[in-house]
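# Examination of the molecular architecture
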Amino acid sequence: MTSDARMIVYHIPVCPFSQRLEILLDLKGLKDAVTFHKVDITVPRPDWLQQKLRNTTALPALETEDGRIVKESLVILRYLEDRFPEPMIRQADPYRHAVENMLIAFEGDFTTTGYRYVLNQDRDQRDAFRQAMLAQYRKLDDFLAHHSPQGTFLFEEFGLAETVFTPMFMRFWFLDYYEDFALPDTADYARVRRWRDACMSHPAARQVTHDEIVKLYYDYAKGAGNGALLPGRRFSSFAFEPHWATRPMPPRDKYGVSATDTELGLVV
Ligand SMILES: COc1ccc(C(=O)/C=[SH]/C[C@H](NC(=O)CC[C@H](N)C(=O)O)C(=O)NCC(=O)O)cc1OC
């Protein structure tokens, strides 16, 4: 390979798993070491990509300078930390690293709970999904209150656990907007709120905005994920064009309104 060969990340724009990599690369000063290649999930994957990914579909995937593939965002994070150890984002102390891994172990259920909540189309199930989401936040609050009662982040700085969770906190702007979800302003949620708010305002995590998430995830709120098309629609809210910034804010009433392509600003 030539000396200026760079790693390539094949990714879906706005995907939270890809944003984790962007945050870590920013923290490590490696933003220029990687080229991000956008993949349009509203159209079939090109054959050359399917061959690289051995016909698996989930992204992100990292291609090393010599053409080897690493998949799974948490694995890619650890690969980048192992390969570029300075500055190390994860905790160096074995027990402290175990604590951040215990917190990271909660992320799967937390993320899936939030995505199932936004995808729900049954108005009668709304409160059950809200209670399940609140239970996830209480789990995080309890863990943080035990391991870092007076802290803001889990440890002194924005670290690996923050890198893993922050993209999900930002995707859940779609719950605030389409489900009118909010953390109660009570003691049960004080510690996790402090953590969440500090994560979302960190300078390394500014890859997406509230309005961008709300507009692009409209179809998720109507029950169609990963670029799938809704009945009567010709374009996905995940489409690259027209740019999301040129589109109007979608209707918030996901249970009572089904916006058209034109109303969503998807028709050029
Ligand atoms: C209904 O639950 C969910 C729905 C969507 C997503 C999401 O963010 C997809 S982001 C885009 C999605 N990528 C992943 O799910 C990657 C997950 C993988 N475990 C990682 O950490 O990299 C993808 O490539 N989809 C296209 C495909 O697989 O063909 C998360 C959810 O819960 C975890």
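To start, this report covers the structure provided alongside it. Keep in mind the model is a prediction, meaning the values are calculated, not measured.

By rolling a water-sized probe across the atoms, one finds the places where empty space is left. All chains considered together, the criterion is met by 1 cavity of 30 Å³ or more. In this structure, the largest cavity encloses a volume near 40 Å³. Forming the walls of the largest cavity are Lys215, Ser237, Arg247, Pro248, Pro250, Leu264 and Leu266.

As enumerated under the stated definition, the model contains 24 aromatic pairs in all. Between phenylalanine 174 and tyrosine 217, the ring centres sit 5.2 Å apart and the planes meet at 50°, which makes this aromatic pair tilted. Note that phenylalanine 174 is positioned in helix α8 (residues 173–179) and tyrosine 217 in the loop between α10 (210–216) and α11 (218–221), a separation of 43 residues in sequence. The exposure class assigned to phenylalanine 174 is buried, which follows from its relative accessible area of 0%. One residue, lysine 38, lies across the ring of phenylalanine 240, its end atom 4.3 Å from the ring centre.

With that out of the way, let us pick up the site of the ligand. The environment of the ligand is formed by 17 residues, the closest being Thr57, Leu59, Glu72, Ser73 and Tyr115. The contact in question runs from an oxygen atom of the ligand to an N or O atom on the side chain of serine 73, over 2.7 Å. Notes on the ligand: free accessible area 730 Å², of which the protein chains cover 75%. Of all the cavities here, the one that holds the ligand is the largest pocket. Listed by contribution, the elements that provide at least two residues to the shell around the ligand are α1 (16–27) and α5 (107–119). With 4 residues, α5 is the single largest residue contributor to the shell around the ligand.

A few words on the pattern of salt bridges. Summed over all chains, the structure comprises 13 salt bridges. For glutamate 156, the salt bridge identified is with arginine 96, shortest N-O distance 2.5 Å. Here glutamate 156, found in the loop between α6 (126–147) and α7 (160–171), pairs with arginine 96, found in helix α4 (residues 94–104); they are 60 residues apart in sequence, far enough to count as distant. Looking at glutamate 156, the relative accessible area reads 55%, which means it is exposed.

Right, let's get into the environment of glycine 29. Here glycine 29 lies in the loop between α1 and β2 (34–38). Distance from glycine 29 to arginine 233, taken between C-alpha atoms, is 42 Å for residues 204 residues apart in sequence.

A few words on the pairing of β2. The pairing of strand β1 (residues 7–11) with β2 spans 5 bridges and is parallel. Bridge pairing in β2 links methionine 7 to valine 34. For the segment spanning β1, α1 and β2, crossover handedness is right-handed.

Rules used throughout
Residues numbered from 1 in each chain as written. Predicted model: local features only at pLDDT ≥ 70, side-chain atom pairs only at ≥ 80, totals over all residues. Heavy atoms only, no water. 1 Å grid on protein atoms, 1.4 Å probe; cavity = no way out; pocket = protein on both sides within 12 Å on 5 of 7 lines; lining within 4 Å. Points joined across faces, edges and corners; volume = space filled by probe spheres on them. Phe/Tyr/Trp six-rings, centres within 6.5 Å; stacked < 30°, edge-to-face > 60°. Helix = DSSP H or I, 4+ residues; strand = E, 2+ residues; numbered from the N terminus. Buried < 20%, exposed > 50% of the residue type's maximum accessible area, 1.4 Å probe, protein only. Lys NZ or Arg CZ within 6 Å of the ring centre and 35° of its normal. Near = heavy atom within 4 Å. Polar contact = N/O pair within 3.5 Å; in protein donor to acceptor, adjacent residues only side chain to side chain. Areas by Shrake-Rupley, 256 points an atom, 1.4 Å probe, with all protein chains shown as cover. Sits in = over half its atoms within 2 Å of the grid points. Salt bridge = Lys/Arg side-chain N within 4 Å of Asp/Glu carboxyl O. Pairing = 2+ DSSP bridges. Right-handed = clockwise from strand over helix to strand, strands pointing away.

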